[in-house]
Amino acid sequence: MGFSTDAIHAGQKPDLETGAVITPVYMTSTYAQDELGVNKGLTYGRTHNFTRAAYEKNIAVLEKGKYGIAFSSGVASVNALMSLVKAGDHVIVGDNVYGGTYRLLELVMKDYGIEFSWIDTSDAANLPKALKPNTKMVMIETPTNPVLTLTDIKATADFAKANNLISVVDNTFMSPYFQNPLTFGIDIVLHSATKYINGHSDIIGGILVTSSDKIYERLKYIQNAAGAIPSPFDCWLCLRSTKTLAVRMDRHNYNAIKVAEYLEKHPKVEKVIYPGLKSHAQHKLAKKQMRGFGGMVSFVTKNHEQALSFFRKVKVFTLAESLGGVESLVCHPATMTHASVPKEKRESFGLTDNLIRLSVGIEDIEDLIADIDQALS
Ligand SMILES: *Cc1c(COP(=O)(O)O)cnc(C)c1O
């Protein structure tokens, strides 16, 4: 089946009892048991929920995987991933992954005896250099936030396979519509469902997808044992949202290309970063592993005053953290999402004080361009 057909149908059958076409929100913490030791296979809400199961199956199919395991947030999924390694193990991580991932691993998980190496994975030659006898996992994000640097997914998967490591890709920025890391041989895909999957800026959620029975067993066990599950209603909202994922992503992509092209010609703009532009250093790799370029556009103004004035003047774009919703957002990574990253480290990967990040929404493109135009004038 095609992506949209799967998005609308996978994991969802009409309700057995009523025939309801849309999977109901099963708001229940427990299930009646027929007699001692005899039940319908459902015992407790943390362990079993049909709305969650339908959502997990849906995302698994869209990511070309066998299993989905949903969590209450993107970082809760990163936390669950860490149950696949133990004290004394070493994990290789991209040096420019999501700030919350960095915080959880470096400032929390490290204290449990897990060792991390933060490396520039955009050059695949750096991977073998970071390998240690105790390396167990490699985790990348592509494209990264907010400088939109890519990592070669196939090269990462091959490296992991050759060295018996579990490979993980945070696929949040592309959504399952534009990029499917499992098809390149990656073991686990991670999403902050808060972003494009839900797409309406009204829930926090995370989900992992894998085709490995062994990895699934462990993650499913942790989902129940640690209990960071999403609510049935949040699962239902995500299920509702994936039905329009394809049309939303096509529009995000269309609008983002127009915005990037407009900015590239603007005299007050120093540089535009968007994987869909020929000027992006990894445009070829983008075309190889992505089916579209997404809705995130970053640009650098010629001076700081211009950047500050842009934030003061925008009207349609809302100044806010987060991304991937239907509405356009603007953020200043240096003082918002990446404020905790030291200035020198930030600037080493191009995150300067004049960099502005846009999450281009699905409004009318004329209105978005007009808003940027007046904010830059
Ligand atoms: C937002 C985000 C996360 C964390 O997800 P939450 O849902 O906020 O916990 C992880 N990775 C990426 C790329 C993100 O953008």
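This structure is a prediction, so every number in the text was calculated from the model and none was measured. (Residues numbered from 1 in each chain as written. Predicted model: local features only at pLDDT ≥ 70, side-chain atom pairs only at ≥ 80, totals over all residues. Heavy atoms only, no water.)

### Notes on the packing of aromatic side chains
A complete count under the given rule lists ten aromatic pairs for this structure. Relative to phenylalanine 178, the ring of tyrosine 177 lies with its centre 5.0 Å away and its plane at 50°, an arrangement referred to as tilted. Just as tyrosine 177 is buried, phenylalanine 178 falls in that class too. One aromatic cluster in this structure is built from Phe3, Tyr177 and Phe178. The residue whose ring lies beneath lysine 345 is tyrosine 102, and the NZ or CZ to ring-centre distance is 5.4 Å. (Phe/Tyr/Trp six-rings, centres within 6.5 Å; stacked < 30°, edge-to-face > 60°. Buried < 20%, exposed > 50% of the residue type's maximum accessible area, 1.4 Å probe, protein only. Lys NZ or Arg CZ within 6 Å of the ring centre and 35° of its normal.)

### Some details on the domain arrangement of the protein
You can read the domains of the protein as domain 1 (3–242) and domain 2 (245–376). Taking only C-alpha atoms, the centre of domain 1 and the centre of domain 2 are 26 Å apart. Each side of the interface is counted separately: domain 1 has 35 residues, and domain 2 has 39 residues. Overall, the association of domain 1 and domain 2 removes approximately 3,200 Å² of surface from exposure, summing both partners, and the carbon and sulfur fraction of that is 58%. Its largest share of buried area at the contact with domain 2, domain 1 owes to Leu150, Phe178 and Tyr196, together 24% of the area lost on that side. Across the domain 1-domain 2 interface, the total number found is one salt bridge. For the pair domain 1 and domain 2, the number of links is 22 residue pairs in polar contact (both at pLDDT 80 or more). No other element matches helix α7 (residues 175–178), which puts four residues into the side of domain 1 that touches domain 2. Considering only residue class, the side of domain 1 that touches domain 2 consists of 15 nonpolar, 17 polar and three charged. (Domains from an automatic or database assignment. Contact = heavy atoms within 4.5 Å. Buried area = accessible area lost by both parts, 1.4 Å probe. Salt bridge = Lys/Arg side-chain N within 4 Å of Asp/Glu carboxyl O. Polar contact = N/O pair within 3.5 Å; in protein donor to acceptor, adjacent residues only side chain to side chain. Helix = DSSP H or I, 4+ residues; strand = E, 2+ residues; numbered from the N terminus. Nonpolar A, V, L, I, M, F, W, Y, C, P; charged D, E, K, R; others polar.)

### With respect to the nonpolar core
Ranked by internal contacts, the top residues of the largest apolar core, which has 51 residues, are Leu263, Phe299, Phe310, Leu358 and Ile372. In terms of residues, this core owes the most to one element, helix α10 (residues 245–265), which gives eight residues. There are two domains that each give this core at least three residues, and those are domain 1 (3–242) and domain 2 (245–376). When neighbours within four sequence positions are excluded, isoleucine 372 is seen to be in contact with Val259, Tyr262, Leu263, Phe310, Phe317 and Leu358. (Core = buried A, V, L, I, M, F, W, Y, C linked by side-chain atoms within 4.5 Å.)

### A look at the sheet that holds strand β10 (residues 318–319)
Each strand in a sheet pairs with another by means of backbone hydrogen bonds, the pair being arranged parallel or else antiparallel. Here we have five strands laid out as an open sheet, ordered β8-β9-β12-β11-β10, and mixed in their pairing. Only two strands of the sheet have a single neighbouring strand rather than two, namely β8 (269–273) and β10. (Pairing = 2+ DSSP bridges.)

### A short note on the site of the ligand
The immediate surroundings of the ligand are formed by 13 residues, with Gly74, Asp170, Ser192, Thr194 and Lys195 found nearest. Interatomic distance of 2.9 Å between a backbone N/O atom of valine 75 and an oxygen atom of the ligand. Note that a nitrogen atom of the ligand is positioned 2.7 Å from one of the side-chain N or O atoms of aspartate 170. When isolated, the ligand has an accessible area of 380 Å², and the protein chains bury 94% of it. Each residue belonging to the shell around the ligand can be placed in one class, and the counts come to four nonpolar, six polar and three charged. (Near = heavy atom within 4 Å. Areas by Shrake-Rupley, 256 points an atom, 1.4 Å probe, with all protein chains shown as cover.)

### Here we look at the pattern of salt bridges
Within this structure, the stated rule accounts for 14 salt bridges. For aspartate 213, the salt bridge goes to lysine 66, with nearest N and O atoms at 3.0 Å. Residue aspartate 213 is located in helix α8 (residues 213–226), and its partner lysine 66 is located in the loop between α2 (50–62) and β1 (67–71); the two are separated by 147 residues in the primary sequence. Judged by relative accessible area, which is 38%, aspartate 213 ranks as partly exposed. Residue lysine 66 is classed as partly exposed on the basis of its relative accessible area, which comes to 42%.

### A look at α8
With 14 residues, α8 should reach 20 Å at 1.5 Å per residue; the first-to-last C-alpha distance of 20 Å fits that figure. Among all positions of α8, only Ile215, Tyr216, Leu219, Ile222 and Gln223 are buried. Here the buried residues of α8 occupy an arc of 130° about the axis, which is enough to place them on one side. Looking at α8, the residues exposed on the side facing more than 90 degrees away from the buried face are Lys214, Glu217, Tyr221 and Ala225. Of the surrounding secondary structure, the elements contacted by the buried residues of α8 are α2, β1, α3 (74–81), β5 (166–170), β6 (188–192) and β7 (206–210). Following α8 by one or two positions, glycine 227 adopts a phi angle in the positive range, close to 80°. (Expected span 1.5 Å × (residues − 1). Arc of directions from axis to C-beta.)

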